[in-house]
Amino acid sequence: YTLDNDVLTMEQRQFYEDNGYLLIRKLVSDEDIERFRKEFVRICKREVTPPGAMIMKNESLRSQYGQSEKVVNKVQDFQEDEELFRYCTLPEVLKYVECFTGPNIMAMHTMLINKLPDSEKQTFLHPMHQDLHYFPFRPADLIVCSWTAMERADESNGCLVVQPGTHKQTLKPHDYPKWEGKTNKLFHGLLDEDETIPKVHLVMEKGDTVFFHPLLIHGSGINKTSGFRKSISCHFASSECYYIDVKNTTQEHLEKELVEMVQKKYDTTSVKLMDIWNFRARLVQGERINL
């Protein structure tokens, strides 16, 4: 699961091989995180509108808070926002990414998550899932997620939860969980979760970054505090990866849902899943080959 490199120690490589994730402490500077935070607030206030970005809000809070960070729970696809996209080009991040993808690196999927305080509703609980469910490209071993905590993340504010070793399993069927009125758009989860596999809560401080495999089963709990739990992430892939047709696979219903959303948003009729990913993808290092 890792390539030969002079960045990771043998212990770190072995840990990733066994567990499917690797946590690097204090990788991203406070200064950079502060810049990302400021840009996020500007997006929330509509002072900037990055083209193609999907801004996900809790509509029920809008009447109370208007356009503010108290309403926005996620900015997805920020690849056209130069300030946030800096995250995907940070040399300290790419140095590690290259250990998993090789030198030709594409940023495929970007997100800044602002986990809102959540009480009984559990609206922002993300069920256990595998990220590969969302991706129509392979091979999985040349894809890695980089996820950076923008403040302390622990069990009280909904930190990441992982099931170590599950990256060695296959892609499982996903769909909306059977929770009454508690699901966010595209928050698919495993249909059949194995409760016997131990879960690890990743307690992280500001700037800590976890790299994980797209088949690793993970999720996040609810934020039981009154503050916001922010993180910034990017899924990177080798540009040598290739697109696959998801027809007649467990990913087919996802393609349908995503294509319908894009058609509605951009008032277009002929769009395929591959087109959506082509639009999102940006080269960050090396040469663009397939993706």
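Residues numbered from 1 in each chain as written. Predicted model: local features only at pLDDT ≥ 70, side-chain atom pairs only at ≥ 80, totals over all residues. Heavy atoms only, no water.

Draft legend 1. Structural context of the overall build of the chain. Regarding its fold elements, the chain presents seven helices and 16 strands. Each principal axis of the C-alpha distribution contributes one length, and for the chain these read about 55 × 45 × 40 Å. Long-range pairs, those at least 24 residues apart, make up 83% of the contacts in the chain between residues at least 6 apart in sequence. Summed over all atoms, the accessible surface of the chain reaches about 13100 Å², with 51% contributed by carbon and sulfur. (Helix = DSSP H or I, 4+ residues; strand = E, 2+ residues; numbered from the N terminus. Contact = heavy atoms within 4.5 Å. Areas by Shrake-Rupley, 256 points an atom, 1.4 Å probe, with all protein chains shown as cover.)

Draft legend 2. Representation of the pairing of strand E2 (residues 54-57). Burial along E2 is one-sided: Met-54 and Met-56 are buried, and none of Ile-55 and Lys-57, which face the opposite way, are. Taken together, the four bridges between E2 and strand E3 (residues 72-76) define a ladder with antiparallel strand orientation. By the bridge assignment, Lys-57 is partnered in E3 with Val-72. (Buried < 20%, exposed > 50% of the residue type's maximum accessible area, 1.4 Å probe, protein only. Pairing = 2+ DSSP bridges.)

Draft legend 3. Local environment of the pattern of salt bridges. For the structure on display, the rule yields 17 salt bridges. Between Lys-199 and Glu-195 there is a salt bridge, with the nearest N and O atoms lying 3.8 Å from each other. Between Lys-256 and Glu-260 there is a salt bridge whose closest N-O contact spans 3.7 Å. Taken together, the residues Lys-256 and Glu-260, both in helix H6 (residues 252-266) and four residues apart, mark about one turn of the helix. (Salt bridge = Lys/Arg side-chain N within 4 Å of Asp/Glu carboxyl O.)

Draft legend 4. Summary view of the packing of aromatic side chains. Here the structure, examined in full by the defined rule, presents nine aromatic pairs. Relative to Phe-100, the ring of Tyr-16 has its centre 4.4 Å away and its plane inclined at 45°; by these criteria the two rings are tilted. In this pair, Tyr-16 sits in helix H1 (residues 10-19) while Phe-100 sits in helix H5 (residues 91-101), placing the two residues 84 residues apart along the sequence. For Tyr-16, a relative accessible area of 1% puts it in the buried group. Seen in terms of ring centroids, Phe-137 and Tyr-243 are 6.2 Å apart; in terms of plane orientation they differ by 90°. Their pairing is edge-to-face. Here Tyr-243 lies in strand E15 (residues 242-243) and Phe-137 lies in strand E6 (residues 137-138), a separation of 106 residues in the sequence. Accessibility classification places Phe-137 together with Tyr-243 in one group, the buried group. Every member of this aromatic cluster is reached through a ring pair, and the members are Tyr-16, Tyr-96, Phe-100 and Phe-211. Across from the ring centre of Trp-277, 4.4 Å away, lies the NZ or CZ of Arg-280, which sits over that ring. (Phe/Tyr/Trp six-rings, centres within 6.5 Å; stacked < 30°, edge-to-face > 60°. Lys NZ or Arg CZ within 6 Å of the ring centre and 35° of its normal.)

Draft legend 5. Region of interest: the nonpolar core. One finds Tyr-87, Cys-88, Val-93, Phe-211 and Phe-236 to be the most contacted residues of the largest nonpolar core, which totals 37 residues. At six residues, H5 tops the list of elements feeding residues into this core. Counting 23 residues, the second largest nonpolar core, distinct from the first, contains Tyr-243, Leu-258, Ala-281 and Leu-291. (Core = buried A, V, L, I, M, F, W, Y, C linked by side-chain atoms within 4.5 Å.)

Draft legend 6. Just the sheet that holds strand E5 (residues 126-129), in detail. Judged by pairing direction, the sheet is antiparallel, and its four strands sit side by side in the order E5-E13-E8-E11 without closing on themselves. In this open sheet, the two edge strands, each paired with only one partner strand, are E5 and strand E11 (200-201). Two strands pair when backbone bridges link them, and E5 and strand E13 (residues 218-220) are joined in this way by two bridges, in the antiparallel orientation. Among the inter-strand pairings, His-129 is bridged to a residue of E13, identified as His-218.

Draft legend 7. Main features of the packing of helix H2 (residues 30-44) against helix H4 (residues 82-89). Two elements in contact, H2 and H4, have axes whose closest approach is 9 Å; the angle formed by their N-to-C orientations is 145°. The interaxial crossing formed by H2 with H4 has left-handed handedness. For the pair formed by H2 and H4, the contact residues are Asp-32, Arg-35, Phe-36, Glu-39 and Ile-43 on the first element and Glu-83, Leu-84, Arg-86 and Tyr-87 on the second. Considered class by class, the residues forming the contact of H2 with H4 number four nonpolar, no polar and five charged. (Axes fitted to C-alpha atoms, helices over the stretch in contact; angles between N-to-C directions. Left-handed = near helix turned anticlockwise from the far one by under 90°. Nonpolar A, V, L, I, M, F, W, Y, C, P; charged D, E, K, R; others polar.)

Draft legend 8. Seen up close, the side chain of Thr-110. Turning to its location among the elements, Thr-110 is positioned in strand E4 (residues 105-115). Assessed through its relative accessible area of 2%, Thr-110 is described here as buried. A polar contact is formed between the side chain of Thr-110 and the backbone nitrogen of Phe-78, at a distance of 2.8 Å. Those residues in contact with Thr-110 that lie beyond four places of it in its chain are Val-75, Gln-76, Asp-77, Phe-78, Gln-79, Cys-88, Ser-233 and Cys-234. (Polar contact = N/O pair within 3.5 Å; in protein donor to acceptor, adjacent residues only side chain to side chain.)

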